[in-house]
Amino acid sequence: MSIRKWYLIHKWSSLVCTAFLLMLCLTGLPLIFHEEIEHLSGVVEAPVMAGNTPNASMDAVVEAALKQRPNEVIRFMFWQQDEHPNVTMVSMAKSMDASPEDSNIVLIDSRTAKVLDAPPPDRGFMYVMLKLHVDMFAGLPGMLFLGFMGLLFAVAIISGIVLYHPFMRRLDFGTIRREKQARLKWLDIHNLLGVATLVWALVVGVTGTINTLSQIVIMVWQGDQMAEMIAPYKGLPPPAKLGSVQDSIETAKQSVPDMHVSFVAFPGSMFSSPHHYTVFLKGNTPVTSRLLRPALIDAQTAQLTDTREMPWYVKTLLLSQPLHFGDYGGLPLKVIWTLLDLITIVVLGSGLYLWLKRHQHVEQRIQHMQQIHAKAL
């Protein structure tokens, strides 16, 4: 392919996605530090107790949550020991098929089964940043659109790599022509920063695109592996009364002894069937702690129905999520992610500036040629 074609690919793929990529970079900055921001905003934490204090039965936690919100149903129970130790988070809503925006969270002390807080749904700054970053308040179409912008960003990066050598072959690597006009200086800065951050930008762009497919991936998993696991219950009426959550969790732990519980999906919720508690377990290493394994437990008998490793496409999604936000290496990695994000903003902004200046230069040349032509007449 000729250099001119690569230049046109780089130019138009960059122009189409630049505004949206700038928005994603800006909204992504606070999301990198969402844990720290939550703590500063005064999130309720469990009181300090002796380290060997045992947890209460999760059935008591369920009872406390239903007593707090008697007109709602429990959809999920989950735990974030690193961020909120000894706290069980119970997600509730008016119905099992309610949207995530209509859900409420009840925070309960895992050891005493006492309600710590039942905050109203968050509609503040972080909520706005998250929604803009995820789907621009447009649901699945917004997510898929941003995924397409991520693909264009990857195309812009790859085409930029192809163009870097031909355009910079007469200059030493990292040269910035300060003595020349401002447009050439910014071109050198744009090229240098783009090359310096291309691996990170490509990783974040691709993982961001993968993350926009999360709802589709879940639907595929439900129609594939989940459908196979619950096939013996097909056509049976839902149970009139649910059994013990605690017993179901214990069964899951015994079935997969080398993992620990991450969250529980209640019967009828998105990640379960009307007949099962689906207990999702995760590993203990940096990689396996990002992967989930579902254990389907009969909601009446607390007996194991099935447990399997997630298929490759779900694993890809689960591994891409922490890589996108840099939240698997603690605060130092978050700082690095922030610096790279800021540099990417400079790359995107300088690219837009260069296009505008070039467009103005072309218009000026056209006007100059028109003036010369008019004088000749």
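Anything mentioned here points back to the structure above.
Conventions adopted
- Residues numbered from 1 in each chain as written.
- Predicted model: local features only at pLDDT ≥ 70, side-chain atom pairs only at ≥ 80, totals over all residues.
- Heavy atoms only, no water.
- Salt bridge = Lys/Arg side-chain N within 4 Å of Asp/Glu carboxyl O.
- Buried < 20%, exposed > 50% of the residue type's maximum accessible area, 1.4 Å probe, protein only.
- Core = buried A, V, L, I, M, F, W, Y, C linked by side-chain atoms within 4.5 Å.
- Helix = DSSP H or I, 4+ residues; strand = E, 2+ residues; numbered from the N terminus.
- Contact = heavy atoms within 4.5 Å.
- Axes fitted to C-alpha atoms, helices over the stretch in contact; angles between N-to-C directions.
- Parallel < 35°, antiparallel > 145°, perpendicular 65-115°, else oblique.
- Phe/Tyr/Trp six-rings, centres within 6.5 Å; stacked < 30°, edge-to-face > 60°.
- Pairing = 2+ DSSP bridges.
- Left-handed = near helix turned anticlockwise from the far one by under 90°.
- Nonpolar A, V, L, I, M, F, W, Y, C, P; charged D, E, K, R; others polar.

Novice: I would appreciate a short explanation of the pattern of salt bridges in the present structure.
Specialist: Close approach of charged atoms lets side chains of opposite charge pair. Counted by the stated rule, this structure contains six salt bridges. A salt bridge links Arg 111 to Asp 109, with the shortest nitrogen-to-oxygen separation between them at 3.0 Å. Here Arg 111 matches Asp 109 in class, with each residue buried. Across the pair Glu 309 and Lys 315 runs a salt bridge, and its minimum N-O distance is 2.9 Å. We classify Lys 315 as partly exposed; its relative accessible area is 26%. One network of salt bridges, in which partners are shared, links Glu 228, Asp 306 and Arg 308.

Novice: Looking at this structure, how should I read the nonpolar core?
Specialist: As a rule of thumb, nonpolar side chains are buried together in soluble globular proteins. Counting 29 residues, the largest nonpolar core has Ile 74, Met 77, Val 90, Val 245, Val 264, Phe 266 and Leu 281 as its most contacted members. Looking at this core, the elements that each hand over two or more residues are α3 (58-68), β1 (73-78), β2 (87-93), β3 (104-109), α9 (245-255), β5 (260-265), β6 (276-282) and β7 (292-298). No other element matches α3, which puts five residues into this core. Apart from the residues lying within four places of it in its own chain, the contact partners of Ile 74 are Val 62, Ala 65, Leu 66, Val 90, Ser 91, Met 92, Met 96 and Phe 266. Formed by 19 residues, the second largest nonpolar core is a distinct cluster that contains Leu 29, Trp 200, Val 204 and Leu 348.

Novice: Explain the packing of α3 against α9 here, please?
Specialist: The angle between the axes and the distance between the axes are what describe a pair of packed helices. Two numbers describe how α3 lies on α9: the axes approach to 6 Å, and their chain directions differ by 140°. Classified by the interaxial angle, the pair formed by α3 and α9 is oblique. Contacts between α3 and α9 involve Met 58, Asp 59 and Val 62 from the first element and Val 245, Gln 246 and Ile 249 from the second.

Novice: Please explain unusual backbone geometry as it appears in this structure.
Specialist: Despite not being glycine, Ala 113 has its phi angle at roughly 60°, a positive value. Relative to the elements of secondary structure, Ala 113 occurs in the loop between β3 and β4 (115-117). According to the relative accessible area criterion, Ala 113 is buried, its value standing at 14%. With a phi angle near 60°, Phe 137 is a residue other than glycine that sits in the positive phi range. On the basis of relative accessibility, which here comes to 45%, the residue Phe 137 falls in the partly exposed class.

Novice: Where do I start with the packing of aromatic side chains in this structure?
Specialist: The description of an aromatic ring pair rests on the distance of the ring centres and on the angle between the ring planes. All told, the structure shown has eleven aromatic pairs when counted by the stated rule. With a centroid separation of 6.4 Å and an interplanar angle of 70°, the aromatic rings of Phe 76 and Phe 263 are classed as edge-to-face. With Phe 76 in strand β1 and Phe 263 in strand β5, the pair connects residues that are 187 residues apart, well separated along the chain. This pair shows no difference in class: Phe 76 is buried, exactly as Phe 263 is. Taking the centre distance of 6.0 Å and the plane angle of 75° together, the rings of Phe 263 and Phe 271 count as edge-to-face. Residue classification places Phe 263 among the buried positions, given a relative accessible area of 15%. In this structure an aromatic cluster arises from ring pairing among Phe 76, Trp 221, Phe 263, Phe 271 and Phe 280.

Novice: What exactly am I supposed to notice about the sheet that holds strand β8 (residues 304-307) here?
Specialist: What holds strands together in a sheet is hydrogen bonding between their backbones, with the strands either parallel or antiparallel. Ordered in space as β4-β3-β2-β1-β5-β6-β7-β8, the eight strands form an open sheet in which the pairing is antiparallel. Edge positions in the sheet fall to β4 and β8, since each of these pairs with one other strand and no more. Across the sheet, the axes of successive neighbouring strands diverge by a mean angle of 30°, strand direction being ignored. Taken together, the three bridges between β7 and β8 define a ladder with antiparallel strand orientation. Residue pairing in the sheet places Ala 295 in a bridge with Thr 307 of β8. Lying on the sheet, helix α8 (residues 214-229) is in contact with β6, β7 and β8; it crosses β7 at an angle near 45°. Packing of α9 onto the sheet brings it into contact with β1, β5, β6, β7 and β8, and relative to β6 it is tilted by some 45°.

Novice: Looking at this structure, I do not really get the packing of α8 against helix α10 (residues 312-325). What am I missing?
Specialist: As a packed pair, α8 and α10 sit with axes 10 Å apart at the nearest point and diverge in direction by 150°. By the angle class used here, α8 and α10 are roughly antiparallel. For the crossing formed where α8 meets α10, the hand is left-handed. Where α8 abuts α10, its residues Ser 214, Val 217, Val 220, Trp 221 and Asp 224 lie against Tyr 313, Val 314 and Leu 317. Looking at side-chain class alone, the contact of α8 with α10 contains six nonpolar, one polar and one charged residues.

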